[in-house]
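Next come the chains, spelled out residue by residue.
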Amino acid sequence: MADTLQFDLVSPERRLASLQVTSVQIPGADGDMTAMAGHAPTITTLRPGVLSVEGPEGTSEYVVTGGFAEISSQGVSVLAERAVPRGDMTQEHLDEMIEEAQHTYTKAKEVFENEPGPVDDAAKLLSDMVAVGDEIGLSSKQPNL
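Residues numbered from 1 in each chain as written. Predicted model: local features only at pLDDT ≥ 70, side-chain atom pairs only at ≥ 80, totals over all residues. Heavy atoms only, no water.

**Here's the deal with the packing of aromatic side chains**
As a reminder of what qualifies: Stacked, edge-to-face and tilted labels apply to pairs of Phe, Tyr and Trp rings (six-membered ring for Trp) whose centres lie within 6.5 Å, assigned for plane angles under 30 degrees, over 60, and everything in between, in that order. Here a helix means four or more residues in a row that DSSP labels H or I, a strand means two or more in a row labelled E, and each is numbered from the N terminus.
Counted by the stated rule, this structure contains one aromatic pair. Measuring from ring centre to ring centre gives 6.5 Å for Phe 7 and Tyr 62, while their planes differ by 35 degrees; the resulting arrangement is tilted. Highlighted residues: Phe 7 in strand β1 (residues 5-10) and Tyr 62 in strand β7 (residues 58-64), separated in sequence by 55 residues.

Next comes the structure, spelled out in structure tokens:
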């Protein structure tokens, strides 16, 4: 059997997972990455996406909206801003997440009128949330930028 590592996923509301896994696919802000036993110590921020874990009991997927992951040779700890098991994701959840991202984008445009950096970051967040909806097969209702 392949080497396993400890995987923990928590959000502000609750602990969603604590189990032994063989790999964790992470939607990192700088690109997707896979962590396995023996991985070099790393900390990465998360972008909205689907976090997937594979282990002896099969594959589990979680929709995350952001946060960060701490990776070591023995485990992966993910602290998510918001996380929902993919099987529990509903259109209502997605609509709420996209609405929050749309609000963040609108507010950034007002506050940072002549500063493209924060506005671009908020637009990227909104775009990533729409992409999550597409990836999991829910309608994103394409908000206007």
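**Remarks on the nonpolar core**
Under the convention used in this document: Think of a nonpolar core as a cluster: buried Ala, Val, Leu, Ile, Met, Phe, Trp, Tyr and Cys residues, connected wherever their side-chain atoms sit within 4.5 Å. Here's how the labels work: a residue is buried when its accessible area is under 20% of the maximum for its type, exposed when over 50%, partly exposed in between, all with a 1.4 Å probe on protein chains only. Contacts between residues were defined by any pair of non-hydrogen atoms, one from each residue, lying within 4.5 Å.
Of all hydrophobic cores here, the largest spans 20 residues; its most connected members are Phe 7, Leu 9 and Val 76. Those elements giving two or more residues to this core turn out to be β1, β2 (15-21), β3 (23-28), β6 (49-55), β7, β8 (67-71) and β9 (75-80). Every residue in contact with Val 76, bar those within four places of it in the chain, is listed here: Leu 5, Gln 6, Phe 7, Asp 8, Val 24, Ile 26, Ala 35, Glu 70 and Ile 71.

**Describing the packing of helix α1 (residues 91-111) against helix α2 (residues 116-136)**
Put simply, the test is: For every element, the axis is a line fit to its C-alpha atoms; helices are fit only across the contacting stretch, and the angle between N-to-C directions ranges from 0 to 180 degrees. Any angle between 65 and 115 degrees counts as roughly perpendicular, while under 35 counts as roughly parallel, over 145 as roughly antiparallel, and the rest as oblique. Should the near helix be turned anticlockwise from the far one by less than a right angle, the crossing is termed left-handed; should it be turned clockwise, right-handed. Residues are grouped as follows: nonpolar covers Ala, Val, Leu, Ile, Met, Phe, Trp, Tyr, Cys and Pro; charged covers Asp, Glu, Lys and Arg; every other residue, Gly included, is treated as polar.
At a closest axis distance of 8 Å, the pairing of α1 and α2 adopts a crossing angle of 165 degrees. Relative to α2, α1 is oriented roughly antiparallel. Classified by chirality, the crossing of α2 by α1 is left-handed. Mapping the contact onto sequence places Leu 94, Met 97, Ile 98, Ala 101, Gln 102, Thr 104, Tyr 105, Ala 108 and Lys 109 in α1 and Pro 118, Val 119, Ala 122, Ala 123, Leu 125, Leu 126, Met 129, Val 130 and Gly 133 in α2. Across the contact of α1 with α2, the residue classes break down as 14 nonpolar, three polar and one charged.

**Some remarks on the pattern of salt bridges**
To keep things clear, this is the line we draw: The salt bridge definition used is simple: a Lys or Arg side-chain nitrogen within 4 Å of an Asp or Glu carboxyl oxygen.
For the coordinates displayed, the defined rule picks out six salt bridges. Between Asp 32 and Arg 47 there is a salt bridge, with its nearest N and O atoms 2.4 Å apart. With Asp 32 in strand β4 (residues 31-36) and Arg 47 in the loop between β5 (42-46) and β6, the pair connects residues that are 15 residues apart, well separated along the chain. Judged by relative accessible area, Arg 47 falls into the partly exposed class, the value being 21%. Notably, a salt bridge pairs Arg 82 with Glu 100, separated by 3.3 Å at the nearest N-O pair. In this pair, Arg 82 is assigned in the loop between β9 and β10 (83-85) and Glu 100 in helix α1, connecting sequence segments 18 residues apart. Since its relative accessible area comes to 43%, Glu 100 is described here as partly exposed.

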